[in-house]
Amino acid sequence: VEKSYLSLEHQQTKDNLNRVQTTINLSLANIDIFLKAWSNWDEIYQYVIDKNTKFVDDNLQPDSLAMYHINMILLYNTEGNPVFTKEINPGANQFFPLSNDVARLFQPGGKLRRLVTLPESGHDTVGLIQTDSKRILAFASRRILPTSSVGVASGTIIFGQYINENYLNILKKNTKLKIVLYPIQTINQFPELGDVTSSLTTNDSYRVNVNDKISFL
């Protein structure tokens, strides 16, 4: 009986992990769907070329992005030069310069530099990455095209969303689960996680702990 109970506990935990993963994937997909509406737009296509301030005044409003939980917007021309790269302070409804750890990701030699100059034949990209300061960033990138989606790209647009406490609260609400985020570099500070580090560095794709919370790393 005990063996069957533990097996059921493990299966339930695996199912819960899958629910979390599915919800995160849906979140990434939603960022990309919102980004597509911006990337195929005549006005932003022209702005990346001529940097007209009217577009910024009329369309680049922090609250219009913050309502979709977007924390940053980055626009680059085809040479990979920044045209508009800002983070968003939703509480103050204003833009501010990119944090250094995020800026480094997109600078020459940075881990996400290739997203700045997507090739004409390349694929649009979504994903997650950890910055130098151990923050986790969800991102989506697309080439900037006319509204018709036909023509040569004028540059690249990238949206970013931090996986922070606000994000986790939304995740908890959507999955009805208790979720704690443990950066892998700090696992040894939590004895209750046991030997999870060794599990994550082997061929196992997940680690199951029988308790009342999901540990997502």
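That block above? That's the structure.
Residues numbered from 1 in each chain as written. Predicted model: local features only at pLDDT ≥ 70, side-chain atom pairs only at ≥ 80, totals over all residues. Heavy atoms only, no water.

### Side note on the overall build of the chain
Looking only at helices and strands, one finds 7 helices and 8 strands in the chain. In the chain, which comprises 217 residues, the share counted as buried stands at 42%. Long-range pairs, those at least 24 residues apart, make up 60% of the contacts in the chain with a sequence separation of at least 6. (Helix = DSSP H or I, 4+ residues; strand = E, 2+ residues; numbered from the N terminus. Buried < 20%, exposed > 50% of the residue type's maximum accessible area, 1.4 Å probe, protein only. Contact = heavy atoms within 4.5 Å.)

### Notes on the environment of Ile44
Tracing the backbone shows Ile44 in helix α2 (residues 42-50). Classification of Ile44 as buried rests on a relative accessible area of 0%. Each C-alpha atom of the pair Ile44 and Gly155 lies 9.7 Å from the other, and the pair is 111 residues apart in sequence. Ile44 has contacts with Trp38, Phe55, Leu75, Ile144 and Ile157, leaving out every residue within four places of it along the chain.

### Thoughts on the sheet that holds strand β6 (residues 155-162)
Across the sheet, which stays open at both edges, the 6 strands sit in the order β3-β2-β1-β6-β5-β4 with antiparallel pairing between neighbours. The open sheet terminates on both sides in strands that have one partner only, identified here as β3 (94-97) and β4 (125-130). The mean angle between the axes of side-by-side strands here comes to 25°, regardless of whether they run parallel or antiparallel. One ladder, built from 8 bridges, connects strand β5 (residues 136-144) with β6; its direction is antiparallel. Within β6, the residue paired with Ala138 across the bridge is Gln161. Of the strands in this sheet, β1 (72-77), β2 (82-89), β5 and β6 touch α2, which is tilted by about 60° from β1. (Pairing = 2+ DSSP bridges. Axes fitted to C-alpha atoms, helices over the stretch in contact; angles between N-to-C directions.)

### Looking at helix α6 (residues 165-175)
Residues three or four positions apart in an α-helix share a direction because the helix packs 3.6 residues into each turn. Looking only at α6, the buried set comprises Tyr167, Leu168, Leu171 and Thr175. Down the axis of α6, the smallest arc covering the buried residues is 95°, so these residues share one side. Turned more than 90 degrees away from the buried face of α6 sit Glu165 and Lys173, all of them exposed. Regarding α6, its N-cap is Asn164, as a side-chain oxygen of that residue lies 3.2 Å from the backbone nitrogen of Asn166 further along. Where α6 terminates, the next one or two residues include Lys176, which has phi positive at roughly 60°. (Arc of directions from axis to C-beta. Polar contact = N/O pair within 3.5 Å; in protein donor to acceptor, adjacent residues only side chain to side chain.)

### Thoughts on the pattern of salt bridges
Per the stated rule, a full pass over the model turns up 4 salt bridges. The salt bridge partner of Asp32 is Arg142, with a shortest N-O separation of 3.0 Å. Highlighted residues: Asp32 in helix α1 (residues 2-39) and Arg142 in strand β5, separated in sequence by 110 residues. Since its relative accessible area comes to 14%, Arg142 is described here as buried. Asp132 is paired through a salt bridge with Arg104; the nearest N and O atoms lie 2.9 Å apart. Here the residue Asp132 occupies a position in the loop between β4 and β5, and Arg104 occupies one in helix α5 (residues 100-106), the gap between them amounting to 28 residues. (Salt bridge = Lys/Arg side-chain N within 4 Å of Asp/Glu carboxyl O.)

### Let's talk about the packing of aromatic side chains
Summed over all chains, the structure comprises 8 aromatic pairs. Cluster of aromatic residues (ring-pair linked, three or more members): Phe34, Trp38, Trp41, Tyr47, Phe55, Tyr68 and Phe159. (Phe/Tyr/Trp six-rings, centres within 6.5 Å; stacked < 30°, edge-to-face > 60°.)

### Things to note about the pairing of β6
In terms of residue burial, β6 counts as a mostly covered element, since 8 of its 8 residues are buried. With burial as the criterion, each face of β6 is covered, one bearing Gly155, Ile157, Phe159 and Gln161 and the other bearing Thr156, Ile158, Gly160 and Tyr162. Note: β1 against β6, 6 bridges, orientation antiparallel. Considered in β6, the bridge of Asn77 is made with Gly155.

### Concerning the nonpolar core
In globular proteins that are soluble, nonpolar side chains generally tend to be buried together. Ranked by size, the top nonpolar core spans 32 residues in total, and within it Trp38, Leu65, Ile73, Leu75, Ile157 and Phe159 carry the most contacts. Contributions of two or more residues to this core are made by α1, α2, α4 (62-66), β1, β2, β5, β6 and α6. The element contributing the most residues to this core is α1, with 7 residues. Every residue in contact with Leu75, bar those within four places of it in the chain, is listed here: Ile44, Tyr47, Val48, Asn81, Pro82, Val83, Phe84, Thr85, Ile144, Thr156 and Ile157. The next biggest cluster of nonpolar side chains, apart from the first, holds 17 residues, and it includes Leu74, Leu105, Ile129 and Phe139. (Core = buried A, V, L, I, M, F, W, Y, C linked by side-chain atoms within 4.5 Å.)

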